[in-house]
Protein chains: 2
Amino acid sequence: MQSWLEIRQDCDFSIHNLPYGIFSYRGKKPRPGIAIGEFIIDLKQAHKKGLFEGIKIPDKVFKKTSLNSYIALGQKVHRAVRQRLQEQLQTDNSLLARHRDKLLIPIEEATLHLPVQIGDYTDFYSSLEHATNVGKMIRGQDNALMPNWKYLPVAYHGRASSIVVSGVPIRRPMGQSRPNDQEPPIFGPSRFVDFELEVAFVIGRPTQLGEQVPVTKAEEYIFGLLLFNDWSARDLQKWEYVPLGPFAGKNFASSVSPWIVTLEALEPFRTVGPIQDPPPLPYLQTQGKRTFDLHLEVSILPKGAAEETVVCRSNFKYLYWNMAQQLAHHTANGCNIRIGDLMASGTISGPTPDSLGSMLELAWNGTKPLPMSDGTTRIAVNDYDTVIMRGYCQKDGIRVGFGELETLLLPTG
Amino acid sequence: MQSWLEIRQDCDFSIHNLPYGIFSYRGKKPRPGIAIGEFIIDLKQAHKKGLFEGIKIPDKVFKKTSLNSYIALGQKVHRAVRQRLQEQLQTDNSLLARHRDKLLIPIEEATLHLPVQIGDYTDFYSSLEHATNVGKMIRGQDNALMPNWKYLPVAYHGRASSIVVSGVPIRRPMGQSRPNDQEPPIFGPSRFVDFELEVAFVIGRPTQLGEQVPVTKAEEYIFGLLLFNDWSARDLQKWEYVPLGPFAGKNFASSVSPWIVTLEALEPFRTVGPIQDPPPLPYLQTQGKRTFDLHLEVSILPKGAAEETVVCRSNFKYLYWNMAQQLAHHTANGCNIRIGDLMASGTISGPTPDSLGSMLELAWNGTKPLPMSDGTTRIAVNDYDTVIMRGYCQKDGIRVGFGELETLLLPTG
């Protein structure tokens, strides 16, 4: 697909992508937009100009400060909008081309906001490599993986209020930990702040309480994907997590990328996941290409450093449990889901030492410090480090990417 | 305080109470109300009639379908409204008295709804007796209590979407469990549905991400309290909960009572909690009467039975960790809170065998079946049982109660 708009070959926001976000510009109220090349298509203005004529979209949807109302219009509308925009981008002298000065906002000049109002946020734990690595460190080689792990996509509920968008700095949390088992616990700034490389999906279709989403239909309930950094304070987490799971070690902040890449845009990059042995119970059985070949990487940019250092190269396809299985399990008990709910994958670690999705694993619990380009080393995230996550699919000259999720860690306030 | 309105001595909704809820009546949109005796004060109509003259309340607040906007007006407004209504209820020929036909809606004829829009729901685990009982069953007498338990108010995040109000029936969940360790897990209806007797507080004042609520100020952030039934599927929970805590065994449903009793109404019933030994770390230290003498009970009404059977009599004051400590711990890491967030206490078990707050404990993991008034016995909640929770404070002729939280358990759908 060729466009009158110049889009660099290596740009994440190609004509094949068209991801959704919420932006503000020149002091105006945040509103929905779609990223293309170096620009954002202002959907409110585009709608006003008649760009979506014939597609049923109420005016108010593009005036909202979150995408929830737009998502609620359903897949038929989303597909029509996507098709219309691809046509407009390919046709010289289209409405969009003629009004480009008004309808295309330079991304650089816009502020990006949280794209959805998140009702509930669930975090899975679906990487076999990650679960095994963490298990080894805590319980040793022989008991690394819990007996339930290969039977169900283990998950816990996280905090929705503290999810922030890329660009919002976070603070090193205070909290309780017990560095010495022979002494009482202490309270102070966490001594081990970590990132977790994750991908989250956004619920696009709600269910009623008591309703189950069958695994074969589960993808119909997914609007799109985001990069997700599940910030973790390992020392707090270690002391608190038995028996009810992570809490203060996680809920101080999570970060998401600003653009939701739709399942439709990811379609060309479908691939198969790992072989599941033992075979899942019937309610979790899927067939075919249920995941995506989505490259992921994490960099750290220390304060004042000239260059970032890539510390992790992983891939979404490494995950043992796929999204359909996660959602089928989540709703098997009748738990209802709402538009805008986030379901994150859990840390995505791969089979190689450079594909591990957290500092805990990369520096193997502090035993293998990672060299930075500025000559320093890291076993955790330091104050004033910026952690940058990127993700993209690429194949046959087509690129569909997520842009950047970048977060600065500030010291305890 | 005497009123022209007849209020029975044993009525939970005395002139000292004035709890807030959301009701609908004759097919109209749900809106805020206050319970008094057998009636609901229609706040929208009362406001229209000038009952709150001189108190700054925007019109729209009483037209909302949740209390969040009203709560956001702040404590000064809430106190003024409370005082005004107490005056109106005590003064013959007051506005309220003259317009009682229009302003007082019979509770019996109204439908009650979820009182707040819940952003995040947190469940604590703050009963020493409950944590010890469950610990004994799982890990034996010697390792009953985890080392962290007496140092921090252990908590996990629950599911907000599946919280329903009293009167809404729920369904026995399907799920994965492993009844036999030598066999693979199975999928089917839970074989052990349980209630958990809890009290939840509603956040009345928000914080920003990164902000800490000091333990000495924490109560200022609490609007009021609700009864909370944290439904649990023990067989699902047992199989899934290591290492990330409860998930599908809990998130199929939780039930709340319809009326929020304010901290102000509970003031006369303040009392001290248990002695905390070891003393908490400084950020968790409180002094004086930080809890309430709030009687709690749970009944089961089997299908077709003539009478309910009271299975539990407990008290809010038994809780080891108080609300101020819970909230200070929750925000110590900078986790932000929002108006309408719910924080539940965890199961409130007392020191005596009849004060245990779950069937798991009452029937001691199935070994002591509980007799019902209809001649049947229970070790768990059966299909078509209705579980009824009640709570009230009473002292010097003053009664402040929560009404009923009643939920019917339906079979798997």
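Residues numbered from 1 in each chain as written. Chains lettered and ligands numbered in written order. Predicted model: local features only at pLDDT ≥ 70, side-chain atom pairs only at ≥ 80, totals over all residues. Heavy atoms only, no water.

**Student:** Honestly, the sheet that holds strand 25 (residues 386-395) of chain A in this entry has me stumped. Any pointers?
**Tutor:** Backbone-to-backbone hydrogen bonds join strands into a sheet, with any given pair of strands oriented parallel or antiparallel. All names here are of chain A. Read from one edge of the open sheet, 5 strands run 9-26-25-20-21, paired in mixed fashion. At either margin of the open sheet sits one strand with a lone partner, and together these are strand 9 (170-171) and strand 21 (309-315). Across 6 bridges, the pairing between strand 20 (residues 295-301) and strand 21 is antiparallel. Its bridge partner lying in strand 21, Ile300 is registered against Thr309. (Pairing = 2+ DSSP bridges. Helix = DSSP H or I, 4+ residues; strand = E, 2+ residues; numbered from the N terminus.)

**Student:** Please clarify how empty space enclosed by the protein should be interpreted in this entry.
**Tutor:** All names here are of chain B. Tallied over the full model, the rule gives 9 cavities of 30 Å³ or more. A volume near 70 Å³ is recorded for the largest cavity. As for the largest cavity, its lining consists of 14 residues, of which Tyr121, Gly158, Arg159, Lys250 and Asn251 are closest to the centre. Split into classes, the residues belonging to the lining of the largest cavity amount to 5 nonpolar, 6 polar and 3 charged. What the second largest cavity holds in volume is close to 50 Å³. (1 Å grid on protein atoms, 1.4 Å probe; cavity = no way out; pocket = protein on both sides within 12 Å on 5 of 7 lines; lining within 4 Å. Points joined across faces, edges and corners; volume = space filled by probe spheres on them. Nonpolar A, V, L, I, M, F, W, Y, C, P; charged D, E, K, R; others polar.)

**Student:** So what exactly am I meant to see when it comes to the sheet that holds strand 20 (residues 295-301) of chain B here?
**Tutor:** Residues and elements named next belong to chain B. Sheet architecture is open: 5 strands sit in the order 9-26-25-20-21, paired in mixed fashion. Strand pairing shows two members of the sheet lacking a second neighbour, strand 9 (170-171) and strand 21 (309-315), which therefore form its edges. Bridge count between strand 9 and strand 26 (residues 398-410): 2 bridges; the pairing is parallel. Note on strand 26: the bridge partner recorded for Ile170 is Leu409.

**Student:** What is the right way to look at the domain arrangement of chain A in this model?
**Tutor:** Accessible area lost during the coming together of the parts is what is often quoted as the interface size. Residue and element names in this part refer to chain A. Along its sequence, chain A is organised into domain 1 (20-113) and domain 2 (121-410). For domain 1 versus domain 2, the separation of C-alpha centres amounts to 30 Å. Surface buried jointly by domain 1 and domain 2 totals about 1300 Å² across both partners, of which 67% is contributed by carbon and sulfur atoms. Run the count over domain 1 and domain 2 and you get 1 salt bridge. The salt bridge partner of Arg79 is Glu264, with a shortest N-O separation of 3.6 Å. Remark: the boundary between domain 1 and domain 2 carries 2 residue pairs in polar contact (both at pLDDT 80 or more). Split into classes, the residues belonging to the side of domain 1 that touches domain 2 amount to 10 nonpolar, 6 polar and 2 charged. (Domains from an automatic or database assignment. Buried area = accessible area lost by both parts, 1.4 Å probe. Salt bridge = Lys/Arg side-chain N within 4 Å of Asp/Glu carboxyl O. Polar contact = N/O pair within 3.5 Å; in protein donor to acceptor, adjacent residues only side chain to side chain.)

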